[in-house]
Structure formats: structure tokens, C-alpha cells
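Chain by chain, the residues run as shown.
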Amino acid sequence: MGIAPDRIEMMPYTVDNERFVAASVDARHLRQETRSRFGLHEEKPAILYASKFDVRKRPLDLIDAFARLLGEGLQASLVM
């Protein structure tokens, strides 16, 4: 690859974005079924938290931000 081995480091908690993009294209036809299963309105935004419930991932920050958005009139759902 042209990079010296001593300059390569492991990066924990990274995401393979290409994998998720490909999977989302394959799963588009499941959108309505998935929203129905979770009780989500088809036309309202859904915010998804897909991570560990670990303090360093800061899930409570998302809950606080979501509560503020609801207070401002946002019609959405939060799935954790």
C-alpha cells in the first residue's frame, strides 16, 4: 500500500460504511415492514441509535437532544 508498517495503527470502534450502504440498498423494500414492527409512523422521521449503551458512547446526550427536539415540536421517533 505504500505505507510503512510502523505508521499503521488499529482503530477500534470504526464502522465499515460501504457494508452499511450496500445493506441499506438491499433492505429498502423492508422499510414499511420494519417501521410497522417498531410502531413507527411511515411519514415521520425516525432517529436510530445503534451502538453500545456505554457512557463513552453518550446515549444520554441523544436522549436529551431528542427531548429538546420534541419540545420544539418535532414529530419523530427515537429507536435505541
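For every chain, the first residue of its written sequence is number 1, and the numbers climb from 1 along that sequence. Per-residue local features are limited, in this predicted model, to residues with pLDDT of at least 70; the limit for side-chain atom pairs, both in listing and counting, is 80 or more; totals at the level of whole chains, interfaces and linings are taken over all residues. Values shown for side chains rest on all heavy atoms present in the structure; no hydrogens or waters enter the calculation.

(A) Spatial organisation of the overall build of the protein chain. Starting at the N terminus, helices and strands are each numbered in turn, a helix being any DSSP run of H or I of at least four residues and a strand any DSSP run of E of at least two. Helix and strand content of the protein chain: three helices and two strands. The quantity called the radius of gyration is restricted to C-alpha atoms. Its globule counterpart is 2.2 Å times the number of residues to the power 0.38. Relative to its length of 80 residues, the protein chain is extended, with a C-alpha radius of gyration of 18 Å against a globular reference of 12 Å. Here the protein chain holds 80 residues, and the buried ones make up 9% of them. We call two residues in contact whenever any of their non-hydrogen atoms come within 4.5 Å of each other. Within the protein chain, contacts between residues separated by at least 24 positions form 42% of all contacts whose residues are at least 6 apart in sequence. Burial status follows relative accessibility: with a 1.4 Å probe on protein chains alone, a residue under 20% of its type maximum counts as buried, one over 50% as exposed, and anything between as partly exposed.

(B) Molecular detail of the layout of surface pockets. What the largest pocket holds in volume is close to 400 Å³. In terms of lining residues, the largest pocket is bounded by 13 residues, among which T34, R35, F38, L40 and L48 are the most central. When residues of the lining of the largest pocket are traced back to their parent elements, those giving at least two are α2 (31–37) and β1 (46–48). Looking at the lining of the largest pocket, the element that brings in the most residues is α2, giving five residues. Grouping the constituent residues of the lining of the largest pocket by class yields eight nonpolar, one polar and four charged. We place a 1 Å grid over just the protein atoms. Points where a 1.4 Å probe fits but has no way out form a cavity, open points with protein on both sides within 12 Å along at least 5 of 7 lines form a pocket, and any residue with an atom within 4 Å of a point lines it. Grid points are joined across faces, edges and corners, and a volume is the space filled by probe spheres set on the points. Residue polarity follows a fixed list, in which Ala, Val, Leu, Ile, Met, Phe, Trp, Tyr, Cys and Pro are nonpolar, Asp, Glu, Lys and Arg are charged, and the others, Gly among them, are polar.

(C) Here's a closer look at the environment of Y49. Position of Y49 among the secondary structure elements: in the loop between β1 and α3 (59–71). We classify Y49 as buried; its relative accessible area is 11%. The spacing of Y49 and F38 is 11 residues in sequence and 14 Å in space, taken between C-alpha atoms. Filtering out sequence-adjacent residues up to four positions away, Y49 remains in contact with K57, P59, L62, V79 and M80. By the criterion applied in these results, polar contacts are pairs of N or O atoms within 3.5 Å in which, for protein atoms, one can donate a hydrogen and the other can accept it, and in which residues neighboring in sequence qualify only through two side-chain atoms. Polar side-chain contacts of Y49 include one of 2.6 Å to the backbone oxygen of K52.

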